[in-house]
Amino acid sequence: MIRRIQIGAGPGFAVLMLILGLALFGCATTTSDGPEPDVAPPAPVVPAVPAPEPPPPPVPVVVGPPTRSFYMGFTLWPADLTDEGQRTAREFAYAHGDIVSVGLIGGIPWPEALEGKPFSKNVQDSLNYRPPAGKKLFLSISPLDKDRRVLAPYWGDKDNLPLPKPWDKEPLNSPRVKKAYLNFVLRTVQTIKPDYLAIAVEANVLLTREPNKWRQFKELYRDSYRALKKSHPTLPVFFTTEVLHYKNLTKEAKGTNQEREVADLMKQSDLFAMSVYPHMTTELPRPIPANFFDFAPRFKKPVAVAESGMTSRNVAMRSYGLVLNGSDADQEQFTELLLKTAGRDKYEFVINFATTDFERLVIKLRPPQDDIARIWAFTGMQTGDQKPKRAQAY
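Residues numbered from 1 in each chain as written. Predicted model: local features only at pLDDT ≥ 70, side-chain atom pairs only at ≥ 80, totals over all residues. Heavy atoms only, no water.

Colleague: Just checking my understanding: could you explain the overall build of the protein for this structure?
Modeller: Helices and strands together make up the secondary structure of the protein, namely 12 helices and 13 strands. Accessible surface, the protein as shown: approximately 14,900 Å² in total, 53% of it carbon and sulfur. (Helix = DSSP H or I, 4+ residues; strand = E, 2+ residues; numbered from the N terminus. Areas by Shrake-Rupley, 256 points an atom, 1.4 Å probe, with all protein chains shown as cover.)

Colleague: Sorry if this is basic, but what is going on with the pairing of strand β10 (residues 303–308) here?
Modeller: Where a strand is regular, its side chains alternate between the two sheet faces. Counting buried residues along β10, 6 of its 6 residues qualify, which places the element largely inside the surrounding structure. In this structure, strand β9 (residues 272–276) lies alongside β10, joined through 5 bridges in parallel fashion. Residue pairing for β10: Ser275 is matched across the bridge by Glu307. (Buried < 20%, exposed > 50% of the residue type's maximum accessible area, 1.4 Å probe, protein only. Pairing = 2+ DSSP bridges.)

Colleague: Any chance you could explain the packing of helix α5 (residues 175–192) against helix α7 (residues 214–231) here in plain terms?
Modeller: When two helices pack together, you describe them by how their axes are tilted relative to each other and by the distance separating the axes. Closest axis-to-axis distance for the α5/α7 pair is 10 Å, and the angle between their directions is 40°. With respect to each other, α5 and α7 are oriented oblique. Read as a crossing pair, α5 and α7 show a hand that is right-handed. In contact with Val177, Lys178, Tyr181, Leu182, Val185 and Leu186 of α5, α7 contributes Glu219, Leu220, Asp223, Ser224, Ala227, Leu228 and Ser231. The class makeup of the residues in the contact of α5 with α7 is 8 nonpolar, 2 polar and 3 charged. (Axes fitted to C-alpha atoms, helices over the stretch in contact; angles between N-to-C directions. Parallel < 35°, antiparallel > 145°, perpendicular 65-115°, else oblique. Left-handed = near helix turned anticlockwise from the far one by under 90°. Contact = heavy atoms within 4.5 Å. Nonpolar A, V, L, I, M, F, W, Y, C, P; charged D, E, K, R; others polar.)

Colleague: Just to check I follow, could you spell out the packing of aromatic side chains for this structure?
Modeller: For any two aromatic rings, the description comes down to two numbers: the centre-to-centre distance and the angle of the planes. Across all of its chains, the model carries 22 aromatic pairs by this definition. Each ring, one from Trp77 and one from Phe353, has its centre 5.9 Å from the other, and the planes form 35°; the classification is tilted. Residue Trp77 is found in the loop between β3 (71–74) and α2 (83–96), and its partner Phe353 is found in the loop between β13 (349–352) and α11 (359–362); the two are separated by 276 residues along the sequence. Look at Trp77 and you get buried, because its relative accessible area is 1%. Taken together, a centroid distance of 4.9 Å and an interplanar angle of 40° make the contact between Phe138 and Phe349 tilted. Of the two residues, Phe138 sits in strand β5 (residues 136–141) while Phe349 sits in strand β13, which places them 211 residues apart along the sequence. Given a relative accessible area of 0%, Phe138 falls into the buried group. (Phe/Tyr/Trp six-rings, centres within 6.5 Å; stacked < 30°, edge-to-face > 60°.)

Colleague: Explanation requested: the nonpolar core in the structure shown.
Modeller: Nonpolar side chains tend toward joint burial in soluble globular proteins. Ranked by internal contacts, the top residues of the largest apolar core, which has 99 residues, are Leu197, Phe217, Met274 and Tyr347. Broken down by element, this core gets its largest block of residues, 8 residues, from α5. Ignoring anything within four residues of it in the chain, the contact list for Leu197 reads Leu139, Ile141, Val185, Val189, Leu228, Leu235, Pro236, Val237 and Phe238. Residues Ile99, Ala273, Ala306 and Phe349 belong to the second largest nonpolar core, which totals 11 residues. (Core = buried A, V, L, I, M, F, W, Y, C linked by side-chain atoms within 4.5 Å.)

Colleague: Help me understand the packing of α7 against helix α9 (residues 258–265) in this model?
Modeller: With their axes 11 Å apart at the nearest point, α7 and α9 run at an angle of 20° to one another. It follows that α7 is roughly parallel to α9 by the angle criterion. Remark: the crossing between α7 and α9 carries right-handed chirality. Counted together, Trp214, Phe217, Lys218, Tyr221 and Arg222 of α7 and Glu261, Asp264 and Leu265 of α9 form the full contact between these two elements. When the residues that make up the contact of α7 with α9 are grouped by side-chain class, the tally is 4 nonpolar, no polar and 4 charged.

Colleague: Would you take a moment to explain α7 for this structure?
Modeller: The α-helix winds at 3.6 residues per turn, so residues separated by three or four positions along the chain end up facing the same way. If you check α7, its first and last C-alpha atoms are 26 Å apart, about what 18 residues at 1.5 Å a residue would give, namely 26 Å. Those residues of α7 that sit buried are Trp214, Phe217, Lys218, Leu220, Tyr221, Arg222, Ser224, Tyr225, Leu228 and Lys229. (Expected span 1.5 Å × (residues − 1).)

Colleague: Hey, could you run me through the environment of Met310 in this one?
Modeller: Relative to the helices and strands, Met310 is located in the loop between β10 and β11 (315–317). With 67 residues separating them along the chain, Met310 and Ala377 place their C-alpha atoms 9.8 Å apart. Those residues within four positions of Met310 in sequence are excluded, and the remaining contacts are Pro278, His279, Arg286, Asn325, Asp330, Gln331, Phe334, Phe378 and Thr379.

Colleague: It is not clear to me how the pairing of β9 should be interpreted in this structure. Could you clarify?
Modeller: Burial within β9 is extensive, with 5 of its 5 residues counted as buried. Residues Phe272, Met274 and Val276 line one face of β9 and the alternating positions Ala273 and Ser275 line the opposite face, and both faces are buried. Direction of pairing for strand β8 (residues 240–242) relative to β9: parallel, over a ladder of 3 bridges. For Thr241, the partnering residue across the bridge sits in β9 and is Met274.

Colleague: Teacher, can you tell me more about the side chain of Thr88 here?
Modeller: As for its placement among the helices and strands, Thr88 is situated in helix α2. Here Thr88 falls in the buried class, since its relative accessible area comes to 12%. In this view, Thr88 contacts Ala79, Thr356, Gln382 and Gln386; residues no more than four positions away in its chain are not counted.

Colleague: Would you mind showing me how to read the confidence of the model for the protein here?
Modeller: Segments scoring low in pLDDT should not have their predicted coordinates read at a detailed level. On average, the protein scores 87 in pLDDT, and the residues at 70 or more come to 83%. Within the model, pLDDT remains below 50 along residues 1–19, and this stretch shows 112 contacts once partners closer than five positions in the same chain are excluded. Segment residues 59–65: pLDDT under 50, and 18 contacts once partners within four positions in sequence are set aside and those in other chains are kept. (pLDDT = per-residue confidence, 0-100.)

Colleague: Before we go on, may I ask you to explain unusual backbone geometry in this structure?
Modeller: Most of the time, phi is negative for any residue but glycine, and the peptide bond is trans. Across the junction of Arg286 and Pro287, the peptide omega takes the value -10°, indicating a cis bond. Looking at the secondary structure, you find Pro287 in the loop between β9 and β10. Omega for the peptide link from Pro367 to Pro368 comes to -5°, which places this bond in the cis form. Non-glycine residue Arg148 carries a positive phi angle of around 60°. Along the chain, the position of Arg148 falls in the loop between β5 and α5.

Have a look at this one:
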């Protein structure tokens, strides 16, 4: 069974960013903590996007076939820790997608946001990102840390810094936290102008791990949602739900009333947005059942996939004595199921986390960080050599 992995404080795509110190998307889930049996790690969380480069040459605007009613796209997670690796991911995302997913999930500039002061250059550079003309932008921001347990870290001259006093003692629903978080989101929306906005990422994982903080979070989320809808009534605002926790397919989530609590929070959400990485649990049969996503329309809201991925090969996590199973056939079956369901149920958008397998990035990391990054290393739609994978046919 899958164990949870924790390696201490680090950026968001979860642990990956702590490892890499990069600045590109966009995640799912994020990864996490020290070994706990039978728990699926959340998808990677992503830190700030990099400062803008000179405008790239025009790329094709992919609008999809007439039969596709939803947007498809990717995060900008790099294929390698090089300029070429970043360029490979960016070019694939722009050429093959019609929506770009960007996540500012490496912290919040809490004091500056509270007091209305200028943000650091690191923060401001991240807010300068713009997708190419013709592409939609999905922006994710979260008040929670990478492990979905406590308040997000401080984002100052770099992301994922320790919270300064007194922020390290603030409850999630304190007036200061509410004001600072709303101010940051409002300033970010005004600057980036996203087409879709998530203001909490994999929120239901907090319910699993810190149920005593769930009510605090709901108050923070609801107040933020209502204020945003007053100032931006046409902008879709929502939280994202980690599907394996929601479906109790991880040992730690069992008995946490996921369905009831997510349904309650959905009263203040414009979309039901899912985060799903099926290979992170052994409790889900292969092939993935045809009705796996059939629960999503029950909320009577538009449905989206905020992040997703399926490994196309077995992943041996040597530091933990674990193997996460996958194959080209598994990835192809998952992708076909997801996209056919999205078409049938008229989803808003579908995001695949990685454009490109990033094993070249993984081999540059030390244990156990290499194992953690390897969880998502083979979820791309093309190999590290930029050869199409079977799943790309869909």
